[in-house]
Amino acid sequence: ASQTPYMQAAQNTGQVFLGINLKCASCHDSFINRYKLRQSYGMAALFSPEGHLELVRCDVKQGKYTGPELLYPELGSVPENASLAERHAAAAAFFTDPRNGRVPRTIVNRYWQKLFGRGLVQPVDDMDSQPWNADLLDWLASDFSAHGNNLQHLLRQILTSKAYQMPAVITTEQVAKNYVFDGPAVRRLSAEEFIDIVSAITGEWRAVDKGKYAAEVRDWQVKSS
């Protein structure tokens with residue numbers, strides 16, 4: 001029951017946009033965080049063809065039902081008789097609500113992790129954990145929101161910072177409460193980055209058919225071989 005498409009939609013959107021792990025709470029009240037089975041089913045109802053879902057705990061039906069519910073009820077409610085399109089719209093409004101401060105923090109944290117090798121909150125999918133620099137996370141998220149959630153602005157702020165200009169360091173795994181930032185971490189290239197570098201050196205790029213001509217492309221722009 002925890003693997004239905006609408007439950008996975010709740011899990012995936014919660015993870016990507018909120019940095020929340022709902023997978024455990026999709027089977028029972030979570031043992032690893034504060035989220036409850038009913039909350040996962042409320043989010044799943046936003047994506048389900050049926051507006052009401054029966055709670056299933058460890059694949060045992062509970063005889064209890066829930067309608068669509070936002071994970072943060074302070075940001076609004078969804079009528080029980082809402083159509084699927086209306087529930088989709090409610091989900092979109094929930095994730096883009098300016099009052100939902102978790103979304104910009106999650107995005108900022110993901111970009112920081114990608115550029116520095118470690119997030120301000122680590123792991124990046126557990127945004128309920130304490131950041132090693134809460135003031136920096138709050139400032140970057142506020143600045144990102146104030147500039148219309150512009151990702152190019154966010155990249156510019158980070159890449160032109162003194163923190164990013166520091167020499168790269170080889171890091172050891174440190175627990176969050178003892179973590180000390182010494183500079184960007186030395187890290188492996190992604191597979192796509194490695195292929196692009198080989199192409200840049202050799203001049204041999206992958207090409208895609210554009211009809212009358214072929215266009216050379218970066219590796220992330222085509223299907224993986």
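Scroll up for the structure.
Calculation notes
Residues numbered from 1 in each chain as written. Predicted model: local features only at pLDDT ≥ 70, side-chain atom pairs only at ≥ 80, totals over all residues. Heavy atoms only, no water. Helix = DSSP H or I, 4+ residues; strand = E, 2+ residues; numbered from the N terminus. Buried < 20%, exposed > 50% of the residue type's maximum accessible area, 1.4 Å probe, protein only. Core = buried A, V, L, I, M, F, W, Y, C linked by side-chain atoms within 4.5 Å. Contact = heavy atoms within 4.5 Å. Expected span 1.5 Å × (residues − 1). Arc of directions from axis to C-beta.

A. Representation of unusual backbone geometry within the structure. Each neighbour pair has its own omega, and for Gln122 with Pro123 the value is 0 degrees, a cis peptide bond. As for its position among the elements, Pro123 is in the loop between helix 4 (102–116) and helix 5 (134–146). The backbone phi angle of Asn149 is positive, close to 55 degrees, even though this residue is not glycine. Mapped onto the elements of the fold, Asn149 is located in the loop between helix 5 and helix 6 (151–159). By relative accessible area, Asn149 is classed as partly exposed at 44%.

B. Region of interest: the nonpolar core. Leu18, Leu71, Tyr72 and Phe94 are the most contacted members of the largest nonpolar core, which has 27 residues in total. Elements supplying a minimum of two residues to this core: helix 1 (5–18), helix 2 (37–44), strand 1 (53–57) and helix 3 (84–96). Excluding residues within four positions of it along the chain, Phe94 makes contact with Leu18, Met43, Leu70, Leu71, Tyr72, Leu75 and Asn100. Of all hydrophobic cores here, the second largest spans 16 residues; its members include Val108, Met127, Ala163 and Phe181.

C. A look at helix 3. The terminal C-alpha atoms of helix 3 lie 18 Å apart, and with 13 residues this matches the ideal 18 Å at 1.5 Å per residue to within 8%. Restricting attention to buried positions, one finds in helix 3 the residues Arg87, Ala90, Ala91, Phe94 and Phe95. Here the buried residues of helix 3 occupy an arc of 130 degrees about the axis, which is enough to place them on one side. In helix 3, the exposed positions that point more than 90 degrees away from the buried face belong to Ala85 and Thr96.

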